[in-house]
Amino acid sequence: MSRRAGNSTEIDWILVFLYFGLVLTGLLMIYSVSSSETHPSLFDFDVRQGSQLIWIVISMIAGLVIMIVDHKFYRSFSYVIYVGILLLLVGVLFFGQEVAGSRSWFNLGFFKFQPAEFAKFATCLALANYLSGYNVTLQTNRSRLTAMGIVFVPMGLILLQGDAGSALVFASLMIVLFREGMPALLYLAVGIIGALSILALVFDWVPVLVILLTLAILALSFGQKGRKTLSAVFGLAAAVATWQLIGTPFLWYAIGGLGAVILVLFIINLRQKNSSFAYLVTVGLLISIGYSTLVNYGFNTVLKPHQQDRINVWLRPSKCEPLGSLYNLNQSKLAIGTGGLTGKGFGNGPMTQMEYVPEQPTDFIFCTIGEEQGFAGSLGFIVWYLLMLIRIIEIGERQRSKFSRLYAYGVASILFFHFMVNVGMTIGLMPVIGIPLPFISYGGSSLLSFTILLAILIKLDSARLASF
Amino acid sequence: MKDHFQDRKLMIQVFFSLGAFLLLLRCAQLQLFDPNYRTIENVTGVKEITIYPARGLIYDRDSNLLVYNDAMYDIKVTYNEIDEDIDTTRFCQLLGIDKATFAKNLDKDFKRDRRYQEWVPFTFLRKLSADNYARFQESMYEFPGFFAELRNVRGYNFNGGAHVLGYISEVNERQIEASGKYYREGDYIGTIGLEKEYEELLRGERGQQFVMMDNLGRVEGAYRGGAKDKQPVSGSNLVTTLDIELQMYGEKLMQNKIGSIVAIEPTTGDILALISSPGYDPNMLSINRNRSESFTNLAQDSLKPLLNRALTAQYPPGSTFKPILSVIGLQEEVLDANKGIVCRGAYYYNNRRFGCRDHAEPIRNMGKAIQYSCNTYYFQAFRDIIDKNGYENAEEGLDKLVDYLHRFGLGAPLDFDISGEVSGNVPTSDYYDKVYGERVWRSPFIISLGIGQGELLVTPVQMANMGAIIANRGHYFTPHIAKSFEGQDAEVLKKYQIKHESGIDSIHFEAILDGMEAVAGAGAGRIETIPYCGKTGTVQNPHGEDHSTFVAFAPRNNPQIAIAIFVENSGFGSTYAKPIASLMIEKYINGDIDRNNPTRVWIEKRMLETDLITGYQ
């Protein structure tokens, strides 16, 4: 059976096609911004498009090698690869080259190598291997903690390098754990905390307080028996009135009034033998108020100024200087926005052509698509990427081997995080975190590592009918 | 193995799709619906243009424009917009610079120097004159990346009042920090004089305009429809109390002399003229490319023309102190205005002799003592004041006197609207306790204070204020130069409307006015048409020729001007200080000196021609 694994008929050509489509798009976009009258050729190896072409070839060779190697190798050696990469991550802390404040690159002379990129597939392999073990089930705390440990160790090491962006990518592997049965409540809690943090940062403390009080009133209104609509409408009206009073001296009376409404509803709920719900809502409210207060405090004390800047740019741009921290994002949005419906045409985007957008061919490559191909291009690109992500999940679900399925989810999670954050940051939807757009961004280390990540999946999938 | 969580596959796929949908929505908003990005082709960036407000103008009391704004241009550049193929030779020619300057001004360390970034405009060339700019402007379009910013610098209509008006200069690092980063590198700030004191009212508020630029640096339109733009607010115009004609006349009279004149309108405290000699032409320190050279020359001049002597020079008042000692004695009831003394040409005490002069008349009363500046009388008067509570209690007597002197505005800065004022000196009993020991010293120890010598020091502006107090018969308004800010009720000027009492009843002043009028009416300072009061003084100068001084107000009734003058190294008060003051008074009250009176014309000519610097030095 194992000989069939190499049989080309088992390769998922749809995924391969989607992959090549993206790589080609990336090359064309890099060519579009990097070619000039002096370097008109796609094959000019002195400039970016040529360099990217070389890396595409190298990636193809790596992909072929992965196809040739026996599929059992990846599972058997997953811990070895994982430990090896961890050693490299430690090593780079001591022997790495410092670039812009972070120490995450090995300089090998002929090419620069970033172990964090390769830690992604290594961690995926190790996590998949662990979770597919015989005695492992995510219903025990021991397994949960071990699984999270596998993710957080490389994440911590990368954080130590000063590369917060790449470190955050590993958090996406929590999606894999979700698929395998990590309690949904945990994700809900994290989601609420995240939403509350964003709310507290976007608005001032007072509006958040009013919003929380309103939510508590609504919850308690619907928790009681009878008069649900009446008290909800009344509570909502009081909340709207309070909202209008923000900024006036009467505000605190109104907030006091909302507090009184909550108290009354709380007592009603208690009397109706609904006390556990009433306590839950009230304690939740108090914790939320406390937390939203702490968020702003933590923001000002824990985060470094450049990190604060990035959050400000993302959530409260009105506090930023248009030509200061807001500059990159403004330029990026301007480039994409001026693309309009159909774009300015291939090679015709003046902003991306002349590098008015900083980090253009690497982190802000999506600007070129937006500016030159317009909304039509953005739509096509985003749908294409989504198709690939969904395809990867479908591939994962058809595996008989749990290891392969888990690995597929790992690949999908990592690609999704990169895609969401990278495209999101160019349009102001996400904070500016310097992570590349897989298969598109200029850069050899990134292209090679993502190709390896995907190629292993294609290999595992091609062997799905083989025995493990 | 059984898979309990198969349903989560769909949840994850929906989650991914929602994420992608969000991205699409945002793209649609930016690319299809946001009006800020429609209608624009070829936009490559946003540029902030600072709009500098017009600085407040400065007028004199008769609405003569003293200080106006003169256009000057800063050429700025955005590094990554520069076209490499521009004709640098022509560019340099147009701006009047050489190629080395061109290269140097563009050579910024964008990697490490945080002040400079390739996409943020920085100043390429400062202080380009309007003429030069006009030449460059016509061809500016040939040089993408370069643009000009209008800066207002100061121009002066009169070659006078430099010390009062002050000047503006570029902010330094410390001032930027102190202002909480309000100022930015290259901004101008009032450094001295009125420009400094009223900086916040004069400067106005900067405006900003954000515009979108295309790849050739052309403005494509307002950014976000101008939502982030801010219109500049012009500075407030300042009307001063100066009478520029009087100021100029005084400066002319003081040429080639060291010293200063301060003239005050007694009823308001308005400073009519404030002259410090030698001075300088305010245009020398106006902002232009020759400025630093001018400044160095002025700063190194041994006569210190940058020094404002009216506030920073302090002299013993000499005999000009006698009138206020008189009224203090009257108020304290230790003197009798109608009682005279017998002056034997000196004051003797304990076998020591304190000199006086021979007088043409006996010192029958206080008026005569003033008229003839009788030292004997004032030694005695001083001792009467100090020993009021007994010879053993000199401290109490002196403390009382010091208290009066403080209320006359002496011994501390008047705190008016030109900073840098020194306090003068009124020695206190504490001071003498330290010098001689507690309760050891007696009135004779400090008797030279009685004739305005010893440790007593006053500044010209304090002295003029003293004249105003006598003119007002007992009160004063803090002297000041800002009269009003056009179109607003400036809070900072309120303190100049507070009436300060000296603690002397007005009735006591009559006793000294006859004497002061007699002083004014005699000799070279007499003005036929104006009866006025004055007192000369001679300040002993251990370093050379004595300084001459004169304090006066005119006319005697309903005074319009009080004036104090010090002329260094000029001998007796009546030789220079009094004639110059009388010319100022006549000029102010009558508009000009009496040209039909040969004596007055001769005196004016003599004062103008006198050179007390050359030869003396």
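Since this is a predicted model, take the numbers as computed values, not measurements. Numbering of residues starts from 1 in each chain and follows the order in which that chain's sequence is written. The lettering of chains begins at A and the numbering of ligands begins at 1, in the order of writing. Given that this is a predicted model, residues contribute local features only at a pLDDT of at least 70 and side-chain atom pairs are listed and counted only at 80 or more, while totals for whole chains, interfaces and linings are drawn from all residues. Note that the side-chain values use all heavy atoms of the structure and ignore hydrogens as well as water.

Caption draft 1: Just the environment of B:Ile580, in detail. All names here are of chain B. Secondary structure counts use DSSP, requiring at least four H or I residues in a row for a helix and at least two E residues in a row for a strand, with both numbered from the N terminus. Of note, Ile580 is situated in helix H19 (residues 577–590). Spatially, the C-alpha atom of Ile580 lies 8.2 Å from that of Met254, the residues being 326 residues apart in sequence. Any two residues whose heavy atoms approach within 4.5 Å are treated as being in contact. Discounting residues that sit within four places of it in the chain, Ile580 has contacts with Leu253, Met254, Lys257, Ile261, Ile565, Val567 and Met607.

Caption draft 2: Structural context of the confidence of the model for chain B. Scored from 0 to 100, pLDDT reflects the predictor's confidence in each residue. Taken residue by residue, chain B gives an average pLDDT of 86. The fraction at 70 or more is 95%. Here the prediction assigns the complex a pTM of 0.62, and the interface score ipTM is 0.89.

Caption draft 3: Here's a closer look at the packing of aromatic side chains. Two rings from Phe, Tyr or Trp (for Trp, the six-membered ring) form a pair when their centres are within 6.5 Å of each other. A pair whose planes differ by under 30 degrees is stacked, one over 60 is edge-to-face, and the rest are tilted. The tally for this structure, following the rule as stated, stands at 37 aromatic pairs over all chains. For the ring pair A:Phe73 and A:Tyr74, a centre distance of 5.4 Å and an interplane angle of 85° mean the geometry is edge-to-face. Classification of residues uses two cut-offs on accessible area relative to the type maximum, computed with a 1.4 Å probe and protein chains only: under 20% is buried, over 50% is exposed, and between them is partly exposed. You can call A:Tyr74 buried: its relative accessible area is 4%. Taken together, B:Phe91, B:Phe102, B:Phe124, B:Phe136, B:Phe143 and B:Phe146 form an aromatic cluster joined through their ring pairs. Look at NZ for Lys and CZ for Arg. If either is within 6 Å of the ring centre and within 35 degrees of the ring normal, a charge sits over the ring. Geometry around A:Phe299 places A:Arg316 over its ring, the cationic atom sitting 4.7 Å from the centre. The ring of B:Tyr182 has B:Arg203 lying over it, and the distance from NZ or CZ to the ring centre is 4.0 Å.

Caption draft 4: Focus on helix H11 (residues 228–244) of chain A. All names here are of chain A. One less than the residue count of a helix, multiplied by 1.5 Å, gives the span that helix is expected to have. When the terminal C-alpha atoms of H11 are compared, their 24 Å separation across 17 residues agrees well with the 24 Å that a helix rising 1.5 Å per residue should span. Looking at H11, one finds that the buried residues are Ser231, Ala232, Gly235, Ala239 and Thr242. Mapping the buried residues of H11 onto a view down its axis gives an arc of 100°, with all of them on the same face. Away from its buried face, by an angle of more than 90 degrees, H11 presents the exposed residues Thr229, Leu230, Val233, Phe234 and Gln244. At its buried positions, H11 is contacted by helix H10 (205–223) and helix H12 (251–271). Taken from the helix axis, the directions to the C-beta atoms give the arc we talk about.

Caption draft 5: Structural detail: the packing of helix H14 (residues 375–386) of chain B against helix H15 (residues 394–407) of chain B. Residues and elements named next belong to chain B. Axis angles are defined between N-to-C directions and span 0 to 180 degrees, where every axis is a line fitted to C-alpha atoms and, for a helix, only to the segment in contact. The contact between H14 and H15 brings their axes to 7 Å, and the two run at 105°. Taken together, the axes of H14 and H15 are roughly perpendicular relative to one another. Listed contacts from H15 to Phe382, Ile385 and Ile386 of H14 are Ala394, Gly397, Leu398 and Leu401. Tallied by class, residues from the contact of H14 with H15 come to six nonpolar, one polar and no charged. Each angle gets one of four labels, with under 35 degrees taken as roughly parallel, over 145 as roughly antiparallel, 65 to 115 as roughly perpendicular, and the rest as oblique. Residue classes follow a fixed rule: Ala, Val, Leu, Ile, Met, Phe, Trp, Tyr, Cys and Pro count as nonpolar, while Asp, Glu, Lys and Arg count as charged, and any other residue, Gly among them, counts as polar.

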